[in-house]
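# Descriptive analysis of the structure
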Amino acid sequence: MKYKNAMKIGIVTYWSSSDNYGQQLQCFALQKYLKGLGHDAYLIKYMPTNKVPLWQRIARFLKYHLLTPSGQKKTDKALAMVSQKNELLNVKRNFVGFRNNHIDSTDIVYHDIHELRSNSPTADVYICGSDQVWNNRLEDENTAGWFLDFGSPKTKRLSYAASIGREIEPKEYKTIVKYLKRFDAVSVREQKANNLCHQLGFEKSIIAIDPTLLLCSSDYSALISNIKLESSSNPYVFIYLLNIRNCDEIYWNEFNKMIQSDGLAVRVVASSGYLPAQNFLPGYQNEYATIPEWLSLIKHSEYVITTSFHGVVFCLLYHKPFYAVLLNNEYSKGNDRIVSLLKSVDLNNRIVSSDSDINSVKAANISWEDVDVKLSELRKKSIDFLNREL
């Protein structure tokens, strides 16, 4: 469907990662979909930096060094060193090149809500989402930017598949209600977020699919058409890891036995989320794949093992057998987005948790025809939302 009256649409979402593939692809996908409808869609480069007063920095420094156990300090220092090393190694992933070639955006980078309000980009419509754009602390004034609290009051405001990724506490309800009242329409990505919206009085909110699922696998073909993976002739399992600390958190001993039994090579990519990417699997080096290479690694694998929501998404799009490993650490609240998606396509039998038998998951049948039908239904609901509101 093409619109007769094209609109200028400014999108606020996460965009600046140097190694989070899902973040980049959801940003790419929403813009590509909207452009396909004939709209002038572009990314608003919002990247707030916390300006902490000097006295607070001194207080935090003293509190940390006086009260933090030495073992925790050692762990924190090690993680900081890994993050610094990653910044250098991530150049190989070339996310900057991907953004330059595939994502239209503002020339300006807005570093706080004041900059965004004083020099707001013009648009007929602002859209926030997807990704965990509503995961920020509500007491932080810069969080207002993620709720589109800037620009002309005449500009229409929508959320598209906005994700929270944490528990919103009752003391935060007043603030989030204030923000949501500015929206003309609200859609979220997970059931819990939708329940919260309804609880707070926004009964018309709906669940929308992640932007990456607005596109079909063929829409990503142009990105990977020229990719030739090293050793691609050897059958392999692709492992994509996010937000784990060690291989035990993905039940590596059991998976490794299965992989060895299947006679497959291993290709592994790790990304940084709440935790920095590392070489987690003994004997295997993390690859620094570009975004097209990452897509190709999924497409041409025998099967995929992942802790990532977007890792699961592209398995669905490419009809690739997968094991969705739920986090069992302090970031497990983010599992809801994987569980919600897989329940919607009747594939929650592909979930691996502490209660799972990996061999039973392996034996679980996948009817890709049924999956495509369900994805098509979900896609239609989301497309109807955009058609209605734009």
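Check the entry above for the structure.
Remember, predicted model here, so these are calculated numbers, not experimental data.

Rules and cut-offs
Residues numbered from 1 in each chain as written. Predicted model: local features only at pLDDT ≥ 70, side-chain atom pairs only at ≥ 80, totals over all residues. Heavy atoms only, no water. 1 Å grid on protein atoms, 1.4 Å probe; cavity = no way out; pocket = protein on both sides within 12 Å on 5 of 7 lines; lining within 4 Å. Points joined across faces, edges and corners; volume = space filled by probe spheres on them. Nonpolar A, V, L, I, M, F, W, Y, C, P; charged D, E, K, R; others polar. Helix = DSSP H or I, 4+ residues; strand = E, 2+ residues; numbered from the N terminus. Buried < 20%, exposed > 50% of the residue type's maximum accessible area, 1.4 Å probe, protein only. Polar contact = N/O pair within 3.5 Å; in protein donor to acceptor, adjacent residues only side chain to side chain. Contact = heavy atoms within 4.5 Å. Core = buried A, V, L, I, M, F, W, Y, C linked by side-chain atoms within 4.5 Å. Salt bridge = Lys/Arg side-chain N within 4 Å of Asp/Glu carboxyl O. Patch = residues over 30% accessible without salt bridge, like charges linked within 9 Å, V, L, I, M, F, W, Y side chains within 5 Å. Areas by Shrake-Rupley, 256 points an atom, 1.4 Å probe, with all protein chains shown as cover. Pairing = 2+ DSSP bridges. Right-handed = clockwise from strand over helix to strand, strands pointing away. Axes fitted to C-alpha atoms, helices over the stretch in contact; angles between N-to-C directions.

Let's shift gears to empty space enclosed by the protein. For the structure shown, the criterion picks out one cavity of 30 Å³ or more. Counted as a void, the largest cavity has a volume near 30 Å³. Lining the largest cavity are L241, V268, A270, Q278, N279, F280, L281, Y284 and N286. Residues that form the lining of the largest cavity fall into these classes: six nonpolar, three polar and no charged.

Attention shifts here to the side chain of N135. By secondary structure assignment, the location of N135 is in the loop between β3 (125-128) and α6 (143-146). By relative accessible area, which is 18% here, N135 ends up buried. A distance of 3.0 Å separates the side chain of N135 from the side chain of Y274, its partner in a polar contact. Leave out the neighbours within four places in its chain, and N135 touches S163, I164, G165, R166 and Y274.

Counting residues in each nonpolar core, the largest one holds 70 residues, and the members touching the most others are Y220 and W294. Setting aside chain neighbours within four positions, we find Y220 in contact with L25, F28, A29, T212, L215, L295, F314, L317 and Y318. Of all hydrophobic cores here, the second largest spans 33 residues; its members include W134, A144, A162 and F183.

Size it by volume and the largest pocket reaches roughly 1,000 Å³. Around the largest pocket sit 38 residues that line it, and Y14, Q23, N135, N136 and Y274 are the ones nearest its centre. If you list the elements that add at least two residues to the lining of the largest pocket, you get α1 (21-36), α6 and α12 (309-318).

Moving on, we get to the pattern of salt bridges. What the rule picks out here adds up to 17 salt bridges. We note a salt bridge from E139 to R137, for which the minimum N-O separation is 3.3 Å. Here E169 ties to K171 by a salt bridge, and the two come within 3.7 Å at their closest N and O atoms. Its relative accessible area of 40% is what places E169 among the partly exposed residues. When salt bridges that share partners are traced, they join R117, D149 and R182 into one network.

Residues I58, L62, L66 and L67 make up a contiguous nonpolar surface patch of roughly 430 Å² in combined accessible area. The residue I58 is located in helix α2 (residues 54-67) in this model. Judged by its relative accessible area of 43%, I58 is partly exposed.

Attention shifts here to the environment of A208. By the element assignment, A208 lies in the loop between β6 (206-207) and α9 (221-224). Separated by 65 residues in sequence, A208 and T143 place their C-alpha atoms 22 Å apart. Leaving out residues up to four positions away in the same chain, A208 has contacts with Y160, A161, S187, V188, R189 and S382.

Quick look at the side chain of T155 now. Mapped onto the secondary structure, T155 falls in the loop between α6 and β4 (156-159). Exposure remark for T155: the relative accessible area of 7% places this residue in the buried category. Within the structure, T155 has its side chain in polar contact with the backbone oxygen of A123 (distance 3.2 Å). Setting aside chain neighbours within four positions, we find T155 in contact with A123, D124, V125, Y126 and D184.

With that settled, consider the pairing of β3. Residues V125 and I127 of β3 are buried on one face, and the alternating residues Y126 and C128, pointing to the opposite face, are buried as well. Both strand β1 (residues 8-12) and β3 contribute to a ladder of four bridges, which runs parallel. If you follow I9 over to β3, its bridge partner there is V125. Summarising the sheet, β3 and β4 pair through four bridges and their orientation is parallel. Within β4, the residue paired with I127 across the bridge is L158.

Attention now moves to the sheet that holds strand β8 (residues 265-271). The strand order across the open sheet built from five strands is β8-β7-β9-β10-β11, with neighbouring strands paired in parallel fashion. If you trace the sheet from one side to the other, it starts and ends with β8 and β11 (351-352), each paired once. Pairing of strand β7 (residues 236-242) with strand β9 (residues 303-306) involves four bridges; the strand directions are parallel. Its bridge partner being in β9, Y240 is matched across the sheet by T306.

Here β8 lies mainly inside the structure; six of its seven residues are buried. In terms of strand pairing, β7 meets β8 through seven bridges, oriented parallel. For Y240, the partnering residue across the bridge sits in β8 and is V269. Each parallel crossover has a hand, and for β7 linked through helix α10 (residues 252-262) to β8 it is right-handed.

Ordered by their spatial adjacency, four strands build an open sheet running β2-β1-β3-β4, and the pairing between neighbours is parallel. Two strands close off the open sheet at either side, each with one partner strand: β2 (40-43) and β4. Strand-to-strand twist in this sheet, taken as the mean axis angle between neighbours without regard to direction, amounts to 20°. Those strands touched by α1 are β1, β2 and β3, and its axis lies near 165° from that of β2.

From the geometry alone we can't say anything about function, so treat these as descriptive.
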